[in-house]
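Here is what each chain is made of, one letter per residue.
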Amino acid sequence: MRRKKPALVIAFASTAHAMRVEAFCAAAGLPGRLIPVPREITAGCGLAFKTLPEEEAHFRTVFAQEGIEYEGMYTVDLWG
Amino acid sequence: MIYLDNAATTLKKPPEVAAAVVKAMETMGNADRGSHGGALAAARPVYACREALKELFHAPGADHVVFTQNATEALNIAISGTLAPGDHVVTTDLEHNSVLRPLYRLEAERGVKLSFAAPDACGHVSPSAIEALIRPDTRAIICTHASNLTGEVIDIEAVGRIAKARDLLFIVDASQTAGALPIDMERMGIGILCFTGHKGLMGPQGTGGLCIGEGVEIRPFKTGGSGIHSFSKTQPEAYPTRLEAGTLNGHGIAGLGAAVDHILKTGVDAIGQREEMLMRRFYEGVSGIEGVTVYGDFSGRRRAAIVALNIRDMDSAEVSDILSEAYGIATRPGAHCAPRMHEALGTREQGAVRFSFSYYNTEADADAAINAVKELAEG
């Protein structure tokens, strides 16, 4: 049976910022993938980056070092 | 056909451009609309193209590269999105109608005031001629990097220094130079760089854009679908979404990305030097022919790969038509959407025949054009 699990979801002000994170994480070997923004974060649409909750501190550090823009990081229970 | 109308559009593109467009048409969903495989297959090449253009023009970030249909749309966005009622603008007589008409419209609708730096006898506009027109109410300097009629280059690095010293917004139309002459937004102090994808960048028609400097605010020209913040009544603030309402030309942008990658690999200097060599070869061949008048300064200054000329008092349209029909040489006659430059050169009635070269032209193309001009001049 499919169960909800906590995920770290990173939201962005622009899709270009989301695409930068996807490209950066792929190159750096960081886990995660792009998903539609869950309603717990914002109503509407758009892309978010879903990754592991335990990686939050690491992502915050790396993003600050690299000057990567994002709107917020949230831990949300998601299916799958 | 010997194609020498590359200032209008480059006909021959790097082979990977068409391949990228075909692949995009077979694989792309809608960039910025969802996260399924098709949507990401569109969003990734679009983003890669932003990165490539950022590198080419030294823009502050890939998110500050905004796509439009062409340079005209980019210039309309830049000009109408930054000028306020009563602002004064310094521009030049070298400008294309894609700069002039948006400015004339704001002159009529918002009371924007315009001053035009005039060219010297060779068609050249010096930075000091631009500086001399700056007033206390000047808000922006808007100028082309090179005349689309004669190929005269404006020293935008010097103009950028002037703009920075006077705290003015500097908008550059790079339609004739992007891909062939070095452009460094940061070093040149460019606030907004407007470009088209289908000329020197050798990408598909229907692509272009603007690169926005750090801290430059542009009001949206259009609003609409953005793929994010759907319940907001206003366009999202973040670049590039702020200026990109509606579905992008993803297929074209994929091709443009391949073209810019090709340019980065080949090198802007190598491309520019080849184009300049062909242009100067043609100039040397025609400039001494009796009855031929060439416009512009060929004394050694850097120029775009354009040679505009007339043969005696022959109508430029007729000359261009004979070149096409009898010699299979494609050129552009008439006014080239550059009315003030033609006024300055005294060619309003006659127009001029413009020969413009690309990286893919050959020495044989230039020589064939020289011989054709020679025969026509001999009558």
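What you see is a predicted model, and the numbers here were worked out from it, not measured in a lab. (Residues numbered from 1 in each chain as written. Chains lettered and ligands numbered in written order. Predicted model: local features only at pLDDT ≥ 70, side-chain atom pairs only at ≥ 80, totals over all residues. Heavy atoms only, no water.)

## Quick notes on the pattern of salt bridges
Residue and element names in this part refer to chain B.
Here is step 1 of the chain: This model, assessed by the stated rule, comprises 22 salt bridges over all chains.
Here is step 2 of the chain: The residue Arg340 makes a salt bridge to Asp93 at a minimum N-O spacing of 2.6 Å. A residue pair is termed long-range when its members are at least 10 positions apart, and Arg340 in helix H11 (residues 339-345) and Asp93 in the loop between strand S3 (88-92) and helix H4 (97-110) qualify at 247 residues.
Here is step 3 of the chain: By relative accessible area, which is 26% here, Arg340 ends up partly exposed. (Salt bridge = Lys/Arg side-chain N within 4 Å of Asp/Glu carboxyl O. Helix = DSSP H or I, 4+ residues; strand = E, 2+ residues; numbered from the N terminus. Buried < 20%, exposed > 50% of the residue type's maximum accessible area, 1.4 Å probe, protein only.)

## Concerning the sheet that holds strand S9 (residues 292-295) of chain B
Residue and element names in this part refer to chain B.
Here is step 1 of the chain: An order of S9-S10-S12 is seen for the 3 strands of this open sheet, with the pairing classed as antiparallel. The sheet terminates laterally at S9 and strand S12 (353-356), the two strands that pair on one side only. When the angles between neighbouring strand axes are averaged without regard to direction, this sheet yields 30°.
Here is step 2 of the chain: Along the sheet, helix H10 (residues 316-327) makes contact with strand S10 (306-311) and S12, crossing S12 at roughly 45°.
Here is step 3 of the chain: Sitting on the sheet, helix H12 (residues 363-378) touches S9, S10 and S12, and the angle it makes with S10 is about 15°. (Pairing = 2+ DSSP bridges. Axes fitted to C-alpha atoms, helices over the stretch in contact; angles between N-to-C directions. Contact = heavy atoms within 4.5 Å.)

## Observations concerning the interface of chain B and chain A
Interfaces are often sized by the accessible area lost when the parts come together.
Here is step 1 of the chain: Residue-level contacts link 18 residues of chain B with 20 residues of chain A.
Here is step 2 of the chain: Here chain B and chain A share an interface that buries about 1500 Å² over both sides, 59% of which is from carbon and sulfur atoms.
Here is step 3 of the chain: Here chain B is connected to chain A by 1 salt bridge.
Here is step 4 of the chain: The salt bridge involving Arg44 of chain B is made with Glu22 of chain A; its shortest N-O contact spans 2.5 Å.
Here is step 5 of the chain: Linking chain B with chain A are 4 residue pairs in polar contact (both at pLDDT 80 or more).
Here is step 6 of the chain: Its residues assigned to classes, the side of chain B that touches chain A shows 8 nonpolar, 6 polar and 4 charged. (Buried area = accessible area lost by both parts, 1.4 Å probe. Polar contact = N/O pair within 3.5 Å; in protein donor to acceptor, adjacent residues only side chain to side chain. Nonpolar A, V, L, I, M, F, W, Y, C, P; charged D, E, K, R; others polar.)

## Re empty space enclosed by the protein
Residue and element names in this part refer to chain B.
Here is step 1 of the chain: In total, this model carries 5 cavities of 30 Å³ or more according to the counting rule given.
Here is step 2 of the chain: When its volume is computed, the largest cavity comes out at roughly 130 Å³.
Here is step 3 of the chain: Contributing to the lining of the largest cavity are 15 residues, with Asn6, Gln176, Gly200, Glu275 and Phe357 lying nearest its centre.
Here is step 4 of the chain: For the lining of the largest cavity, the domains that each give at least three residues are domain 1 (2-10 + 267-378) and domain 2 (15-266).
Here is step 5 of the chain: Considered as a void within the structure, the second largest cavity measures approximately 100 Å³ in volume.
Here is step 6 of the chain: Contributing to the lining of the second largest cavity are 15 residues, with Asp32, Arg33, Ser226, Glu244 and Leu248 lying nearest its centre.
Here is step 7 of the chain: Of the residues belonging to the lining of the second largest cavity, the class tally is 4 nonpolar, 7 polar and 4 charged. (1 Å grid on protein atoms, 1.4 Å probe; cavity = no way out; pocket = protein on both sides within 12 Å on 5 of 7 lines; lining within 4 Å. Points joined across faces, edges and corners; volume = space filled by probe spheres on them. Domains from an automatic or database assignment.)

## A word on the side chain of Arg242 of chain B
Residues and elements named next belong to chain B.
Here is step 1 of the chain: As for its position among the elements, Arg242 is in the loop between strand S8 (208-212) and helix H8 (250-266).
Here is step 2 of the chain: Separated by 3.4 Å, the side chains of Arg242 and Tyr239 make a polar contact.
Here is step 3 of the chain: For Arg242, the contacting residues outside a window of four places in its chain are Glu217, Ile218, Pro220, Lys222, Gln235, Pro236 and Glu237.

## Considerations on the environment of Pro15 of chain B
Residues and elements named next belong to chain B.
Here is step 1 of the chain: Its location among the elements puts Pro15 in helix H1 (residues 15-27).
Here is step 2 of the chain: The exposure class assigned to Pro15 is exposed, which follows from its relative accessible area of 61%.
Here is step 3 of the chain: Between the C-alpha atoms of Pro15 and Asn371, which are 356 residues apart in sequence, the distance is 30 Å.

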